[in-house]
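Residue-level listing of the chains:
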Amino acid sequence: MGVTDKDADKTTTGNGRFLPYRVCDTRRGSHSIPGWWSEKSKVTKTAQGSPPPRGRAYPCNTRGRADALNWDLLNDGIGNPKNTRSLLLSHVTPPAMITAVRNRAETAVRAGSRHIQFAVRPEKDAVAIDEYLKLLKPVPSPYLVKGRLSKAAKRGRKIFKKAGCARCHPSPLYTDMNKYNVETGKGMEKNLAFDTPTLVEVWRTVPYLHDGRAATMKEVLTKHNSGDKHGVTSNLTENEIGDLAEFVLSQ
Ligand code: HEC
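Per chain, residues are indexed from 1 in the order of the written sequence. Confidence filtering applies because this is a predicted model: local features only for residues at pLDDT of at least 70, side-chain atom pairs given and counted only at 80 or more, and all residues used for totals across whole chains, interfaces and linings.

Engineer: Is there a simple way to explain the overall build of the protein chain in this structure?
Structural biologist: Secondary structure elements follow DSSP: runs of H or I no shorter than four residues count as helices, runs of E no shorter than two count as strands, and numbering proceeds from the N terminus. A count of helices and strands for the protein chain gives seven helices and eight strands. Contact between two residues is assigned whenever their backbone-derived C-beta positions fall within 7 Å. Taking as baseline every contact in the protein chain between residues at least 6 positions apart, the subset at least 24 positions apart corresponds to 61%.

Dropping the structure here:
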């Protein structure tokens, strides 16, 4: 997908809808993210028409995260665009890539130069990229209240266990580093297993799922999990879904 500065104002989700809020990205690469690109700030900005609250205006081009866009790259064939993944924790949560094709992030960094950028780079560049990415630290979620889980998130923590989420997303990294078919694959990727992503900092990487089809956390848990293949959520009340989403977004 070709992207220009202008397009960055309208970010498409997997199903082609445009999300109506501005990306304040300087677009120096697909892994730079507007810091307040999150469900929380989206609500703050568009529904209430005011900027993020004091102390929550994160920098626009925090590097190493995601640009919220889908990219249809040649390395896994054409016609199956993937939502950019944050590179946070990628070196401690192998395998790498959405389809887990690289055994570890170091391999993915080198393969990315070759197969995505079509470049031949000296090994020292790859080592420098590895070192940089290893230095990235998670930013505390704006869903925390004075650094702690809110009441709703505490209730959500129990549901996270009850619904079976913790099996594949165990703390502290919230990934068991395996891949699963949670029935999110479509078309040529039907029945494909995807790498279990870490949920750390997931509050800032909307849209969700490998093709960005879920515009909100609640959508991950409802609209896109009709068969309960991705945790058992169909028996949860609306309030419980809200609490579970609050907990996940607090990581
Ligand atoms: C069987 C293992 C498994 C279980 C159980 C599971 N997940 Fe996942 N989770 C995955 C996999 C695999 C993906 C990637 C799917 C995709 O991208 O299409 C994923 C993706 C996600 C994402 C999207 C993250 C992103 O950055 O796009 C969220 C959020 C999530 N899971 C939360 C949950 C919650 C909450 C539960 C419990 C209701 C749960 N998961 C249960 C394996 C699992």
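Engineer: Can you help me understand unusual backbone geometry in this one?
Structural biologist: It is generally the case that most residues other than glycine have a negative phi and that most peptide bonds are trans. Of note, the amide linkage connecting proline 94 to proline 95 takes the cis form, showing an omega dihedral of -5°. Turning to its location among the elements, proline 95 is positioned in the loop between strand 6 (82-83) and helix 2 (105-116). A cis amide bond, omega 5°, links serine 171 with the succeeding residue proline 172. Within the element layout of this structure, proline 172 appears in the loop between helix 5 (165-168) and strand 7 (179-180). Notably, methionine 97 is not glycine yet its phi reads approximately 80°, a positive angle. Considering the arrangement of structural elements, one finds methionine 97 in the loop between strand 6 and helix 2.

Engineer: Mind showing me how you'd approach the packing of helix 4 (residues 151-162) against helix 7 (residues 238-249) here?
Structural biologist: If you want to describe how two helices pack, look at the angle between their axes and the distance between the axes. Convention adopted: a line fitted to C-alpha atoms gives each axis, helices being fitted over their contacting stretch, and angles between N-to-C directions are expressed from 0 to 180 degrees. Relative to each other, helix 4 and helix 7 sit at 95°, their axes nearing to 7 Å. Taken together, the axes of helix 4 and helix 7 are roughly perpendicular relative to one another. Of the residues in helix 7, those in contact with Ala152, Ala153, Arg155, Gly156, Arg157, Ile159 and Phe160 of helix 4 are Glu240, Gly242, Asp243, Leu244, Glu246 and Phe247. In this classification, the charged set is Asp, Glu, Lys and Arg, the nonpolar set is Ala, Val, Leu, Ile, Met, Phe, Trp, Tyr, Cys and Pro, and all remaining amino acids, among them Gly, are polar. When grouped by side-chain class, the residues that make up the contact of helix 4 with helix 7 number six nonpolar, two polar and five charged. Angular relationships are summarised with four words: roughly parallel below 35 degrees, roughly antiparallel beyond 145, roughly perpendicular across 65 to 115, and oblique for the angles in between.

Engineer: Hey, could you run me through helix 2 in this one?
Structural biologist: Because each turn of an α-helix spans 3.6 residues, side chains separated by three or four positions end up pointing in the same direction. Among the residues of helix 2, Ala105, Ala108, Val109 and Gly112 are the ones counted as buried. All buried residues of helix 2 fall inside an arc of 105° around its axis, so they share one side. Looking at the buried side of helix 2, the elements it contacts are helix 3 (123-135). Immediately beyond the C-terminal end of helix 2, within one or two residues, lies phenylalanine 118, with a positive phi of roughly 50°. Partly exposed residues are those whose C-beta has more than 12 but fewer than 20 other C-beta atoms within 10 Å; 20 or more makes a residue buried and 12 or fewer makes it exposed, with C-beta atoms placed from the backbone. Picture the helix axis, draw a direction to every C-beta atom, and the arc is the one those directions span.

Engineer: Is there a simple way to explain the site of the ligand in this structure?
Structural biologist: In the vicinity of the ligand there are 25 residues, among which Cys165, Cys168, Thr184, His210 and Gly231 approach most closely. The set of elements that each furnish at least two residues to the shell around the ligand consists of helix 5, helix 6 (217-221) and helix 7. Per element, the largest residue contribution to the shell around the ligand is three residues, and it comes from helix 5. Throughout this description, a residue near a molecule or strand is one whose C-beta atom, derived from the backbone, lies within 6 Å of it.

Engineer: Would you take a moment to explain the environment of glycine 185 for this structure?
Structural biologist: In this structure, glycine 185 sits in the loop between strand 7 and strand 8 (194-195). Glycine 185 sits in the partly exposed class, given 17 other C-beta atoms within 10 Å. Taking the C-alpha atoms as reference points, glycine 185 and asparagine 80, 105 residues apart in sequence, are found 9.8 Å from one another. Aside from chain neighbours lying at most four places away, what touches glycine 185 is Lys190, Asn191 and Leu192.

Engineer: It is not clear to me how the packing of helix 2 against helix 3 should be interpreted in this structure. Could you clarify?
Structural biologist: Orientation of helix 2 relative to helix 3, taken along the N-to-C sense of each, is 130°, at an axis distance of 10 Å. Here helix 2 lies oblique to helix 3, going by the angle between them. Seen from above, helix 2 lies across helix 3 with right-handed handedness. Side by side, helix 2 and helix 3 meet where Ala105, Glu106, Val109, Arg110 and Ser113 of the first sit next to Ala126, Ile129, Asp130 and Leu133 of the second. When the residues that make up the contact of helix 2 with helix 3 are grouped by side-chain class, the tally is five nonpolar, one polar and three charged. In this scheme the handedness of a crossing depends on how the near helix is turned from the far one: anticlockwise by less than a right angle means left-handed, clockwise means right-handed.

Engineer: Would you take a moment to explain the nonpolar core for this structure?
Structural biologist: In summary, soluble globular proteins display a tendency toward joint burial of nonpolar side chains. Joining buried Ala, Val, Leu, Ile, Met, Phe, Trp, Tyr and Cys residues through C-beta atoms within 7 Å gives a set, and that set is a nonpolar core. Residues Met217, Leu244, Val248 and Leu249 are the most contacted members of the largest nonpolar core, which totals 29 residues. For this core, the secondary-structure elements that each account for two or more residues are helix 4, helix 6 and helix 7. With five residues, the single largest contributor to this core is helix 7. Where each domain starts and ends comes from a domain assignment, either automatic or drawn from a database. A domain split of this core shows at least three residues from each of domain 1 (7-135) and domain 2 (151-249). Core analysis: the second largest hydrophobic core is formed by seven residues, Ala96, Ile98, Ala108 and Phe194 among them.

Engineer: Mind showing me how you'd approach the environment of valine 109 here?
Structural biologist: Here valine 109 lies in helix 2. Expressed as a C-alpha distance, the spacing of valine 109 and aspartate 130, which sit 21 residues apart in the sequence, is 7.4 Å. Setting aside its immediate chain neighbours within four residues, valine 109 contacts Ala126, Ile129 and Asp130.

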